[in-house]
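Single-letter residue listing:
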Amino acid sequence: MPVIEYRDAINQALAEEIIRDPNVLVMGEEVAQYKGAYKVTRGLLEKFGPNRIIDAPISEAGFCGLGIGASMLGIRPVIEFIFWSLCYVAFDQVINNAANIRYMSGGLINIPVVFRGPANGGTNVGATHSHTPENFAANTPGLKVVCPATPYDAKGLMKSAIRDNDPVFFMENTLLYGDKAEVPEEEYLVPLGKAEVKKEGTDLSLIAHGRCALLALEAAQVLEEKHNINAEVVDLRSIRPLDEETIINSVKKTNRAVLVEENKPFCGVDAQIAYLIQEKAFDYLDAPIQRISSIDAPQICSMPLEKQQIPNVERIVSTVLTQV
Amino acid sequence: MSDTTQQNTEEPTHDIAASLRENSQHEVNKSLTDAARIEYFREMVRIRRFEERTLRAYQQGHIGGFLHLYIGQEAVAVGCVSLMGDDDHVITTYRDHGHALAVGMTMNECMAELYGKHTGCSKGKGGSMHFFAPDKNYWGGHGIVGGQTPLGAGIAFALKYQKKKGCCLCFMGDGATNQGPLYESLNLASLWDLPVIYVIENNGFSMGTSLGRHSIGTPLARRAEGFDIDWKVCYGHDIYEVRANISEAMKRAHEESRPTVLEINTYRYRGHSVSDADDTYRTKQEIQDYKDTKDPINLFRDHLLETGAADEETLKSINASAKEEAEQSAQFAEQSPFPPVSDIQTDVYWETDNPDEKVSEGTIFFNSIK
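So, how was this worked out
- Residues numbered from 1 in each chain as written.
- Chains lettered and ligands numbered in written order.
- Predicted model: local features only at pLDDT ≥ 70, side-chain atom pairs only at ≥ 80, totals over all residues.
- Buried ≥ 20, exposed ≤ 12 C-beta atoms within 10 Å, placed from the backbone.
- Helix = DSSP H or I, 4+ residues; strand = E, 2+ residues; numbered from the N terminus.
- Arc of directions from axis to C-beta.
- Contact = placed C-beta atoms within 7 Å.
- Nonpolar A, V, L, I, M, F, W, Y, C, P; charged D, E, K, R; others polar.
- Domains from an automatic or database assignment.

Caption draft 1: Region of the structure containing helix 8 (residues 244-254) of chain A. All names here are of chain A. For helix 8, the complete set of buried residues consists of Thr-246, Ile-247, Ser-250, Val-251 and Thr-254. One side of helix 8 carries all its buried residues, which in axial view fall inside an arc of 130 degrees. Its buried side turned inward, helix 8 meets strand 9 (196-199), strand 10 (204-208), strand 11 (231-235), strand 13 (257-260) and helix 9 (269-281). Phi turns positive one or two residues past the end of helix 8, at Asn-255, with a value near 65 degrees.

The structure is reproduced here in structure tokens:
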């Protein structure tokens, strides 16, 4: 099986779907000639030409709204944000329009758009460029939200997202673009709304999404090797729809839950996960649910401090040690 | 490239009747049959009578929220829509009742939507500001000022992508011309040669703030120059003038795939929304003066009578039947059921409404009600 980078897994998904469906196109700042700010779209312009791979000016509200308008007539745009932080200048379009038009039209109109790009901190770029808005998005009925952690998941989820008839917010991570892993050559899909147990365990459940799922895996290894604790790692992959069953089954098995995410803590995704666990697995819990989030402040720029602000392996390990 | 001989609202010597006669001879108007002219009159009257009936229903408490009436502006929607072909599309603002009726939506579905009833065009989910009829190329009805302007560019983009010789008429008010997304849209529309026509229905007020207090750099359409977009200003009380100017813009869109900004000077008789007190920003006399001299329906009625296109009796009966149709729509709305509570969670996701084709898994709704 070929070993490819996370960015190329997404690139393959885009290319395959562009070939499969003439209505699929890619639009965004620097996606064509410049090959993508993070090279996710490299080679696509050469393969598919400027009608399918479209460079947009720095006008997020303009081209996001344009993509939404085009999607009403059956176009399926995949729109790149260089950073998801930039969605805030297009918020009226991506929230009011993308999420609400189907509802307000009584179901007469679909918005089959994918908005994609990285949503993460840890890159020393300060507060304006380090947002993780999956909680904002998931708080909006009408939107679907996914946060793939691995090249395999990124490709399979991107293909599902493009084929989805509802707007999908696809959140990647600049720190993962260079990660390499095996990705099958033959076609496959990862369905939205399906979590994955990335490591089986018995002593507690580390439940995470995005890059934090990989941190949880690293932490699980440390816990096993140094503390003889066998943690299970659940990667949500998809935030909305949410795989409640896999979460609950894991907690019922391990009786302990530690939730890890890069969101700021207040109303982060894990606030909802914690609510879900107490609602559906209360009697199985042997300890209070713990959360590990980013430290609650705007993103700090200073490099060593930002590493402390976002979740890291040490913080996960030390939190788990208070639990078991 | 732009027309610099545009008129403005302050022009004192504008002879309304003469100008209407002249516009009636424009190539898109001169060959109109009497029947077609009468239809335009009927459409304008239907819009007016419908909205007057909605106002009563609002005052009676049947309609809540906002009700942005189009009364006074009818010739704009009817004139523009009258030239639409199969591949021409419309998107507009929250002041959307006139355009909805003009494209052929029924009074019943519109009135029922205002009442929040299940028989409404959006099943009671959209309300006054959010009427939609994609089967009639009508893409809303958008509540946020200026929020529809990128969507309009997108509709035009889709038409071009699909190689259709159509255009998108994207309406906005004068207030929307100070929203950023409009300028992002103008840049994209011109840069990418999109067949979109931005129609500024300049009714003189951005909610309760008059043009002179909300905008510098008028006429507003002139701002298109910065984007190399052709622009023009015209009057909206004269349906012939609206048709003449929109046809020029549509020709440009169809034949050159180029955008246009067309500013149409018009006037609304009611407040921004009916619940707004409009005596804070204009006088009753100002409204009356416009009604007396430039009411689009009265002017067109006089023209039809003068030219012998219709007799008094025909026009009176059109008025009476429009009134009756509006009354019937109110009764229809009143007698229609409200949507069931279970409807709150339909039409949110395509996928949950089409379970046979559902491919995603997991929980999509997170209810706290058991």
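That covers the picture; the talk isn't over yet.
Caption draft 2: Expanded view of unusual backbone geometry. Residues Gly-140 of chain B and Gly-141 of chain B are joined by a peptide bond in cis, for which omega reads 25 degrees. Inspection of the secondary structure assignment puts Gly-141 of chain B in strand 2 (residues 138-141). The step from Thr-218 of chain B to Pro-219 of chain B runs through a cis peptide bond, and the omega angle for that step is 0 degrees. With respect to the helices and strands, Pro-219 of chain B occurs in the loop between helix 9 (211-214) and strand 7 (230-235). Positive phi values are uncommon outside glycine, yet Glu-30 of chain A reaches one of about 65 degrees. Structurally, Glu-30 of chain A is set in the loop between strand 2 (24-28) and helix 2 (44-48). Backbone geometry at Met-207 of chain B places phi at a positive 55 degrees, although glycine is not the residue there. Locating Met-207 of chain B in the fold gives a position in the loop between strand 5 (205-206) and strand 6 (209-210). Taking the C-beta count within 10 Å as the criterion, Met-207 of chain B has 15 such neighbours and is therefore assigned partly exposed.

Caption draft 3: Molecular detail of the interface of chain A and chain B. Listed per partner, the contact involves 44 residues of chain A and 41 residues of chain B. Contributing elements (two or more residues each) for the side of chain A that touches chain B: helix 3 (60-72), helix 4 (91-104) and strand 12 (238-240) of chain A. Its residues assigned to classes, the side of chain A that touches chain B shows 18 nonpolar, 19 polar and seven charged.

Caption draft 4: Geometry of the domain arrangement of chain A. All names here are of chain A. Split by domain assignment, chain A resolves into domain 1 (3-182) and domain 2 (196-321). Placing the centre of domain 1 and that of domain 2 at their C-alpha centroids yields a distance of 26 Å. Facing 24 residues of domain 1, the contacting portion of domain 2 comprises 24 residues. At the level of elements, helix 5 (134-138), strand 6 (144-146) and helix 6 (151-163) are the ones that each hand at least two residues to the side of domain 1 that touches domain 2. Considered class by class, the residues forming the side of domain 1 that touches domain 2 number 12 nonpolar, nine polar and three charged.

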